[in-house]
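# Analysis of the macromolecular model
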Amino acid sequence: MLKQRIITALIMLAVLLPALFHSRIEFFALLTLVMIAAAGWEWCRLNGIQGSWSVAVGMGLGGLMGLLWWFSVLDQAQWVIWMVASGVWALIAVILLTRGVSQWGMWPAGLRLAGGCLLLAAAWLALVEARKMGLVYLLSVLTLVWMADIAAYFGGKTWGRRKLAPTISPAKSWEGAYSGFAGVCGLAAFWIWYDGLRQDDSVSIFGLMLAHGWIWLAVAVISLTAMSVIGDLIESLVKRSAGVKDSSGLLPGHGGVLDRVDALLPVLPVALMFTQLP
């Protein structure tokens, strides 16, 4: 299993890194669009839609977003999109995490399917917009999610006593969540220091938030760290309701696309909302 995970990770890096660092964002946008289409397919399967219908929905989601992006239909008033997506994530976090796994299947299938696809679309738009804002900005958002996850894992393993959401994800603890926040605070200090060394206009999200004051930076760090945990918990809730361990087997040793990006889905639009306040 370890060998399989390593091989898959190396292949993903070999594909993603050239697109990520390329000067033209079209390559990155197209590659991540394929990933979002795959995530749409996985979302259908997690909600009981199988076979050709799930493939059609995934391809339809990718195709529609590609067309809207290509013809610049969604270039205007994107801040409204980030606001709406952030509000929806906050609302469903309160409702779903309060009601628990057993209540997920009670929601109409059409609402679950449409809502998930719309949030996937918003996350992809935010991802592309973040890349437009600069590689440093995008990397700072990505590393925030990674740090929150890694620090939470080791903090939970070391000090975890109080379960965060025992019926949804028994391995998560409050101590792990606090450790994740501490890790993100340390990461913020690094990025702010690194921003001071740079001579170009590309700034991390932490540097942009600091420009509005320390209080605004603290609010953003707390909100984004919480959203990374929420994204992970909500996907765990849906998978537990569906009775599966992974969203799919597309990435051998790593599960599916949703398993890799679950924490990013809410963080991306919330990050853009904080950054592009009018």
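Everything numeric in this text was worked out from a predicted model, so none of it was measured.

Conventions adopted
- Residues numbered from 1 in each chain as written.
- Predicted model: local features only at pLDDT ≥ 70, side-chain atom pairs only at ≥ 80, totals over all residues.
- Heavy atoms only, no water.
- Patch = residues over 30% accessible without salt bridge, like charges linked within 9 Å, V, L, I, M, F, W, Y side chains within 5 Å.
- Areas by Shrake-Rupley, 256 points an atom, 1.4 Å probe, with all protein chains shown as cover.
- Salt bridge = Lys/Arg side-chain N within 4 Å of Asp/Glu carboxyl O.
- Helix = DSSP H or I, 4+ residues; strand = E, 2+ residues; numbered from the N terminus.
- Buried < 20%, exposed > 50% of the residue type's maximum accessible area, 1.4 Å probe, protein only.
- Axes fitted to C-alpha atoms, helices over the stretch in contact; angles between N-to-C directions.
- Parallel < 35°, antiparallel > 145°, perpendicular 65-115°, else oblique.
- Left-handed = near helix turned anticlockwise from the far one by under 90°.
- Contact = heavy atoms within 4.5 Å.
- Nonpolar A, V, L, I, M, F, W, Y, C, P; charged D, E, K, R; others polar.
- Expected span 1.5 Å × (residues − 1).

The grouping of Ile 6, Leu 10, Leu 13, Leu 17 and Phe 21 at the surface amounts to a nonpolar patch, some 470 Å² of accessible area in total. Here Leu 10 lies in helix 1 (residues 2-21). By relative accessible area, which is 54% here, Leu 10 ends up exposed.

So, on to the packing of helix 2 (residues 25-46) against helix 3 (residues 51-70). Two numbers describe how helix 2 lies on helix 3: the axes approach to 7 Å, and their chain directions differ by 150°. In terms of orientation, helix 2 lies roughly antiparallel with respect to helix 3. You can see that helix 2 and helix 3 cross each other, and the crossing is right-handed. On the side of helix 2, the interface is formed by Glu 26, Ala 29, Leu 33, Ile 36, Ala 37, Gly 40, Trp 41, Cys 44 and Arg 45, while helix 3 contributes Ser 54, Val 55, Val 57, Gly 58, Leu 61, Gly 62, Met 65, Gly 66 and Trp 69. Its residues assigned to classes, the contact of helix 2 with helix 3 comprises eleven nonpolar, five polar and two charged.

Helix length check: helix 9 (residues 214-242), at 29 residues, gives a terminal C-alpha distance of 42 Å against a target of 42 Å (1.5 Å per residue), a fit within 8%. Of the residues one or two after helix 9, Gly 243 is the one with positive phi, at around 75°.

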